[in-house]
Structures are given as structure tokens and as C-alpha cells.
Amino acid sequence: GDSVTQMEGPVTLSEEAFLTINCTYTATGYPSLFWYVQYPGEGLQLLLKATKADDKGSNKGFEATYRKETTSFHLEKGSVQVSDSAVYFCALGNTGNQFYFGTGTSLTVIP
Amino acid sequence: DTEVTQTPKHLVMGMTNKKSLKCEQHMGHRAMYWYKQKAKKPPELMFVYSYEKLSINESVPSRFSPECPNSSLLNLHLHALQPEDSALYLCASSQTTSGIYEQYFGPGTRLTVT
């Protein structure tokens, strides 16, 4: 069945450091891939998406590329800020718009 | 506007109480979802409504009863809950379930069962 495997956390970085959160998937058909962010006490916010192989999603300095050959969708940001501290979820959407979420990666950015 | 609203924000209820959670969206979406999220875990799908009809029930206990009165509203009726049902309940919506579309989430209702 469809599934998402996400890098274990927590991750702690200094401000302006480079961020990578790994995400790999298993799926049938032609899924879309998403990154969501959840700030403390809030719901999930869509960060970026990619709908087909080689697509790059980007938003607020975050990027992820849909790599079919490695079944990956790693999240990157060149310079993190304290305000980026949150939990990040990788998700796969497939037939019937069913979503499969990774376990989440908690990021803390220290000044 | 990509907003999904949920009320109440917090709810404390006893095991014999009956309460309801409410979700609303005005994006014209025809698919709405209920998820349950425990601390430090990803959301778990409970129910999916498509065009106001229940299309998926992920074997959720009958003490949770969903209702979709119209295309903008989604309710979750709660009765005789257990302490282990304490969690963040998230509502989401998407354009439809025919295809793959981003889901937009509300802020959630933090439920505590005493």
C-alpha cells in the first residue's frame, strides 16, 4: 500500500543554517506530494506541493523536488529562521484524494 | 480565501456528556474530512464526505457520529467518549475526491475527556 517514510527528529539548528528533512514514499499510480507545517497549537498549513515527477514545489524559501527515480521529496531551506520552528509533515495524496502522512519532524531553530 | 474554521477551539467533556464539533468552509469545496491527531503523531483519517455523502468511515467507533448538513458545514457529534479519545480533532476540505487536490486544514478543536 501507499506510505511515507520521514526523517526522524527532533532536529535542532542554529539560525541561518541549511535545512534538509528527508522524505521517501511508496505508492501505486501517480500520486501528488505535499509538505505541511504545523505550528504549536495550530492545524496543518500547506507549505508546498508537487504533482508530477521532476516538479519542484517552493514557498517561503522552502523547496522540494518530486524525484520518481529515488521515490523522494526532501524538504530544503537555505537559511532557517527562529520562526521556522514547527513540526513538518510529508504527505502523499493518491486515488480518492486519500492522504498518507509521514510521522512528522520537529524542527527547533535557536538564535 | 483558503480558510477552514472550527468551533470550539477547546472542549472539556465528561464521559456521559454529548457535545458537537463544528467545521465550516466557504471555498466551494465538495469534500470534507475529519482527522484525529494525538500529540507528536500525524493526523489519522476518521471520515470523508464527498458531495455531502459519507464516503469513507475508517472503522471509527459509533460514539463518534459525523454529519454534513450542507456543502459548507461538517459536524462531529460526540457521545459517551473515553479518556483515550482526548486529542486534537482537525477538519479539512478539498475541491473534490475525484482527483488529487491539496487539503486545507482548520485550526482544530482540542478535546479533553475527563
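Just so it is clear, the structure is predicted and the values come from calculations on it, not from any experiment. (Residues numbered from 1 in each chain as written. Chains lettered and ligands numbered in written order. Predicted model: local features only at pLDDT ≥ 70, side-chain atom pairs only at ≥ 80, totals over all residues. Heavy atoms only, no water.)

### Focus: empty space enclosed by the protein
Residue and element names in this part refer to chain B.
Then comes step 1: What the rule picks out here adds up to 1 cavity of 30 Å³ or more.
Then comes step 2: What the largest cavity holds in volume is close to 30 Å³.
Then comes step 3: Surrounding the largest cavity, His 29, Arg 30, Ala 31, Met 32, Tyr 49, Glu 52, Cys 68 and Ser 71 form its lining.
Then comes step 4: Residues of the lining of the largest cavity, tallied by class, amount to 4 nonpolar, 2 polar and 2 charged. (1 Å grid on protein atoms, 1.4 Å probe; cavity = no way out; pocket = protein on both sides within 12 Å on 5 of 7 lines; lining within 4 Å. Points joined across faces, edges and corners; volume = space filled by probe spheres on them. Nonpolar A, V, L, I, M, F, W, Y, C, P; charged D, E, K, R; others polar.)

### Side note on the packing of aromatic side chains
Then comes step 1: Taken as a whole and assessed by the stated rule, the structure comprises 14 aromatic pairs over all chains.
Then comes step 2: A centroid spacing of 6.2 Å and a plane angle of 50 degrees characterise the contact between Phe99(A) and Phe101(A), whose relative ring orientation is tilted. Neither residue differs from the other here; Phe99(A) and Phe101(A) are each classed as buried.
Then comes step 3: Put simply, the rings of Phe34(A), Tyr36(A), Phe89(A), Phe99(A), Phe101(A), Tyr33(B), Tyr35(B) and Phe105(B) pair up and form one aromatic cluster. (Phe/Tyr/Trp six-rings, centres within 6.5 Å; stacked < 30°, edge-to-face > 60°. Buried < 20%, exposed > 50% of the residue type's maximum accessible area, 1.4 Å probe, protein only.)

### Regarding the sheet that holds strand E1 (residues 4–7) of chain B
All names here are of chain B.
Then comes step 1: Spatially, E1-E3-E8-E7 is the arrangement adopted by the 4 strands of the open sheet, whose pairing is antiparallel. One side of each edge strand has no neighbouring strand; the edge strands of this open sheet are E1 and strand E7 (64–70). Averaged over all pairs of adjacent strands, the angle between strand axes in this sheet comes to 20 degrees, irrespective of strand direction.
Then comes step 2: Examined bridge by bridge, E1 and strand E3 (residues 18–25) share 4 bridges and lie antiparallel to one another. If you follow Thr 5 over to E3, its bridge partner there is Glu 24. (Pairing = 2+ DSSP bridges. Helix = DSSP H or I, 4+ residues; strand = E, 2+ residues; numbered from the N terminus. Axes fitted to C-alpha atoms, helices over the stretch in contact; angles between N-to-C directions.)

### Observations concerning the layout of surface pockets
Then comes step 1: There is about 550 Å³ of room inside the largest pocket.
Then comes step 2: Gln38(A), Val87(A), Ala39(B), Lys40(B) and Lys41(B) are, among the 26 residues lining the largest pocket, the residues nearest its centre.
Then comes step 3: Within the residue set of the lining of the largest pocket, elements represented by two or more residues are strand E10 (86–94) and strand E12 (105–110) of chain A.
Then comes step 4: The element contributing the most residues to the lining of the largest pocket is E12(A), with 4 residues.
Then comes step 5: Looking at the lining of the largest pocket residue by residue, the class counts come to 10 nonpolar, 10 polar and 6 charged.

### Quick word on the interface of chain B and chain A
Then comes step 1: At the interface, 24 residues of chain B touch 22 residues of chain A.
Then comes step 2: Taking both sides of the interface into account, the surface hidden between chain B and chain A amounts to around 1,600 Å²; carbon and sulfur atoms contribute 55%.
Then comes step 3: On the chain B side of the interface with chain A, the three residues burying the most area are Ile100(B), Glu102(B) and Phe105(B), jointly 35% of the side's total.
Then comes step 4: The shortest N-O distance in the salt bridge between Glu102(B) and Lys49(A) comes to 2.8 Å.
Then comes step 5: Mapped by element, the contributors of at least two residues to the side of chain B that touches chain A are strand E4 (31–37) and strand E9 (87–94) of chain B. (Contact = heavy atoms within 4.5 Å. Buried area = accessible area lost by both parts, 1.4 Å probe. Salt bridge = Lys/Arg side-chain N within 4 Å of Asp/Glu carboxyl O.)

### Remarks on the environment of Lys9(B)
Then comes step 1: As for its placement among the helices and strands, Lys9(B) is situated in the loop between E1 and strand E2 (10–13).
Then comes step 2: As a C-alpha pair, Lys9(B) and Ser65(B) span 56 residues in sequence and 19 Å in three-dimensional space.
Then comes step 3: Once you skip the residues sitting within four places of it in the chain, Lys9(B) turns out to touch Gly41(A), Gly108(B), Thr109(B) and Arg110(B).

### Section: the environment of Val4(A)
Residues and elements named next belong to chain A.
Then comes step 1: Locating Val 4 in the fold gives a position in strand E1 (residues 3–6).
Then comes step 2: Separated by 69 residues in the primary sequence, Val 4 and Phe 73 place their C-alpha atoms 9.9 Å from one another.
Then comes step 3: With sequence-adjacent residues up to four places away left out, Val 4 is seen in contact with Cys 23, Thr 24, Tyr 25, Cys 90, Ala 91, Leu 92, Tyr 100, Phe 101 and Gly 102.

### Describing the state of the cysteines
Residue and element names in this part refer to chain B.
Then comes step 1: Overall, the coordinates contain 2 disulfides over all chains when judged by the stated rule.
Then comes step 2: Covalent S-S linkage joins Cys 23 and Cys 91, the inter-sulfur distance amounting to 1.9 Å. The sign of the S-S torsion, about -70 degrees, decides the handedness of the disulfide formed by Cys 23 and Cys 91: left-handed. Residue Cys 23 is located in strand E3, and its partner Cys 91 is located in strand E9; the two are separated by 68 residues in the primary sequence.
Then comes step 3: This cysteine, Cys 68, is not joined by any disulfide, and Cys 23 carries the nearest cysteine sulfur, 9.2 Å off.
Then comes step 4: Its relative accessible area of 13% is what places Cys 68 among the buried residues. (Disulfide = S-S within 2.5 Å.)

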